[in-house]
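Here are the chains, one letter per residue:
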Amino acid sequence: MTTTSPRPAAPAAVRLRPGDLAALASIGLRTRKLRAGLSALGIAIGVAAIVAVLGLAASSSAALLAEIQALGTNLLTVTNGQTLGGATAELPVAAPGMIARLPGVTGVQDTGSVGNVSVYKSPLIPSIETNGLSVDAATLNLPAVAGASLAQGRFLNAATAREPVAVLGAVTAQLLGIDRIRPGMRIWVDSQWFYVTGILNKDTYAPEIDSAVLVGFPAAQKYLNFDGHPSQIYVRTVDTRAATTAVDNLLGAQASPEYPGQVNVSQPSAALTAQADAKGALDTLFLGLGAVALLVGAIGVANIMVISVLERRSEIGLRRALGATRGQIRTQFLAEAILLSLAGGVIGVIAGAAATAAYARGHGEAIVIPPDAWAGGLAAAVIIGALAGLLAAIRAARLSPTQALWSI
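Our subject in this report is the structure included herewith. Each residue is numbered by its place in its chain's sequence as written, counting from 1. The model is predicted, so local features are restricted to residues of pLDDT at least 70 and side-chain atom pairs to those at 80 or more, both for listing and for counting; the totals for chains, interfaces and linings are taken over all residues. Water and hydrogen atoms were dropped before computing side-chain values, which therefore reflect all heavy atoms in the structure.

### Re the pairing of strand 6 (residues 165–168)
For step 1, the next point in the chain: The rule is simple: take the accessible area with a 1.4 Å probe, protein chains only, and divide by the maximum for that residue type; under 20% is buried, over 50% is exposed, in between is partly exposed. In this description a helix means any DSSP run of H or I spanning at least four residues, a strand means any run of E spanning at least two, and both kinds are numbered starting from the N terminus. Burial along strand 6 is two-sided: Val-165 and Val-167 facing one way and Ala-166 and Leu-168 facing the other are all buried.
For step 2, the next point in the chain: For two strands to be treated as a pair, DSSP must find no fewer than two bridges joining them. Pairing of strand 6 with strand 8 (residues 192–200) involves four bridges; the strand directions are parallel. From the neighbouring strand, Val-167 faces strand 8, where its bridge partner is Gly-198.
For step 3, the next point in the chain: Bridging between strand 6 and strand 9 (residues 212–216) involves two bridges; their strand directions are antiparallel. Pairing of Val-167 across the sheet is with Leu-214, part of strand 9.

### Things to note about helix 9 (residues 313–321)
For step 1, the next point in the chain: All of the buried residues along helix 9 are Ile-316, Gly-317, Arg-319 and Arg-320. End-on view of helix 9: buried residues confined to an arc of 165°, all on one side of the axis.
For step 2, the next point in the chain: Just past helix 9, the residue Gly-323 takes up positive phi, approximately 115°. Regarding the arc, it is the one traced by the directions from the helix axis to the C-beta atoms.

### Quick look at a nonpolar patch on the surface
For step 1, the next point in the chain: Like charges are joined within 9 Å and nonpolar side chains (Val, Leu, Ile, Met, Phe, Trp, Tyr) within 5 Å, but only among residues with over 30% relative accessible area and no salt bridge; these make up the patches. Note on areas: Shrake-Rupley, 1.4 Å probe, and residue coverage restricted to the protein chains presented here. Every case where a carboxyl oxygen of Asp or Glu lies within 4 Å of a side-chain nitrogen of Lys or Arg is listed as a salt bridge. Nonpolar side chains collect at one region of the surface, where Leu-34, Leu-38, Leu-41 and Ile-45 lie side by side and expose about 430 Å² of accessible area between them.
For step 2, the next point in the chain: Relative to the elements of secondary structure, Leu-38 occurs in helix 2 (residues 33–71).

### Description of helix 10 (residues 326–362)
For step 1, the next point in the chain: A helix is expected to span 1.5 Å for every residue after the first. Along its 37 residues, helix 10 runs 54 Å from first to last C-alpha, staying within 8% of the 54 Å computed at 1.5 Å per residue.
For step 2, the next point in the chain: Just past helix 10, the residue Gly-364 takes up positive phi, approximately 65°.

### Observations regarding the environment of Met-98
For step 1, the next point in the chain: Turning to its location among the elements, Met-98 is positioned in helix 3 (residues 95–100).
For step 2, the next point in the chain: Taking C-alpha positions, Met-98 is 9.8 Å from Pro-257, a pair spaced 159 residues apart along the chain.
For step 3, the next point in the chain: Note on contacts: a residue pair qualifies if any of its non-hydrogen atoms lie within 4.5 Å across the two residues. Every residue in contact with Met-98, bar those within four places of it in the chain, is listed here: Gln-254, Ala-255 and Pro-257.

### As for the packing of helix 10 against helix 11 (residues 371–398)
For step 1, the next point in the chain: To get an axis, a line is fitted to the C-alpha atoms, and for a helix only the part in contact is used. The angle between two axes follows their N-to-C directions and goes from 0 to 180 degrees. Two numbers describe how helix 10 lies on helix 11: the axes approach to 7 Å, and their chain directions differ by 150°. Classified by the angle between their axes, helix 10 and helix 11 sit roughly antiparallel to one another. In this structure, helix 10 meets helix 11 at a crossing whose hand is right-handed.
For step 2, the next point in the chain: In this classification, Asp, Glu, Lys and Arg are treated as charged, Ala, Val, Leu, Ile, Met, Phe, Trp, Tyr, Cys and Pro as nonpolar, and every other residue, Gly included, as polar. Among the residues making up the contact of helix 10 with helix 11, the classes are represented as 19 nonpolar, four polar and three charged. Any angle that is under 35 degrees is reported as roughly parallel, and any over 145 degrees as roughly antiparallel; angles of 65 to 115 degrees are reported as roughly perpendicular and all others as oblique. For any helix crossing, the convention is left-handed if the near helix is rotated counterclockwise from the far helix by under a right angle, and right-handed if that rotation is clockwise.

### Describing unusual backbone geometry
For step 1, the next point in the chain: Located in the positive-phi region is Asn-131, a residue other than glycine, with phi close to 60°.
For step 2, the next point in the chain: Mapped onto the elements of the fold, Asn-131 is located in the loop between strand 3 (119–120) and strand 4 (134–138).
For step 3, the next point in the chain: Asn-131 sits in the partly exposed class, given a relative accessible area of 43%.
For step 4, the next point in the chain: Phi is positive for Asp-190, which is not a glycine, with a value near 50°.
For step 5, the next point in the chain: Relative to the assigned elements, Asp-190 resides in the loop between strand 7 (186–189) and strand 8.
For step 6, the next point in the chain: Asp-190 gets classed as partly exposed once you look at its relative accessible area, which sits at 32%.

### Structural notes on the packing of helix 9 against helix 10
For step 1, the next point in the chain: One can describe the packing of helix 9 onto helix 10 by two numbers: an axis separation of 10 Å at closest approach and a directional angle of 140°. Judged by the twist between their axes, the crossing of helix 9 over helix 10 is right-handed. Every residue of helix 10 that contacts helix 9 at Glu-315, Ile-316, Arg-319 and Arg-320 is listed here: Arg-326, Gln-328, Ile-329, Gln-332 and Phe-333.
For step 2, the next point in the chain: Residue classes in the contact of helix 9 with helix 10 are distributed as three nonpolar, two polar and four charged.

Quick look at the structure:
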């Protein structure tokens, strides 16, 4: 009687360790470097766009908040509005003095628009090349109240305010081609020379000053036939929200008791906040474009992984014949897709951070990259890799050893 030997038991599947899984997942990437790099590029572009947009928004917001904090939120401006007939209203000459009597007001300075006056660097400039510059009469402590600062030279004082002397806004100096103050420097204003004693830096809260030529009230009345009526009044209040709000509510009636409806009152810091909100809406658009790039990258990764399964049928069959389970095959290809996307995500985070740093340094802003930006970019890359590689991993796991080895 013959006895048959028992069939040897199938070898138990060995559990993949993380190191082994990482080595297996990198095989396809290392053997097809160009294709892997191009596939990761779409993910990198999408992640870079998201990181850069969030980083630039955070850097700009930080700079804006720092600027608002430095300049304060207690500045209010009063300008002349329109009459019922649509003409430009006129603020009373006594308006600055009346405003200064309000409780909570700590400083009042004003400017007055001098109409029908053109400014040129010299009388040889054609009369049509006015550059849209304005001439404004200004009070002596205007920079301190309006938040302006001198880039060069000196501002008006009690003596120069009575003489043909001017201070240039930042844009005015640029358009006139004046980069620094030189002894005896002068400009041609209303067919007469005015000496230049200073140049202002750009004013965040009062950009209208940037494109103006500032002269003293007495000089404007003496040399330019100015009528003495202010057109813009800058009001500083006690630095509390309650005090600023209280003054804001009274400014129109105090500036022009007879026609309070013809007075415009605004708070420059509120305008800056609205500007930041508008930029935030634009940032959302760019975030959407980054998301589209991520979607395109995910489709590319999914396509590459499906092709990879078809090309590596022999490898899959050999591994299955040597005892690899369906789950291990599935895990291998899923890990490969995640590793590919994660590599693109890392490159994208680095590129986005570099773009943020370059822009922020170029604009003199602090470099701020929120943790949500880079962490979210990497998390998105991992999730996209998992989703993009899922179909290919399932198809690879369904191949039987016999079907897969037919391709050898």
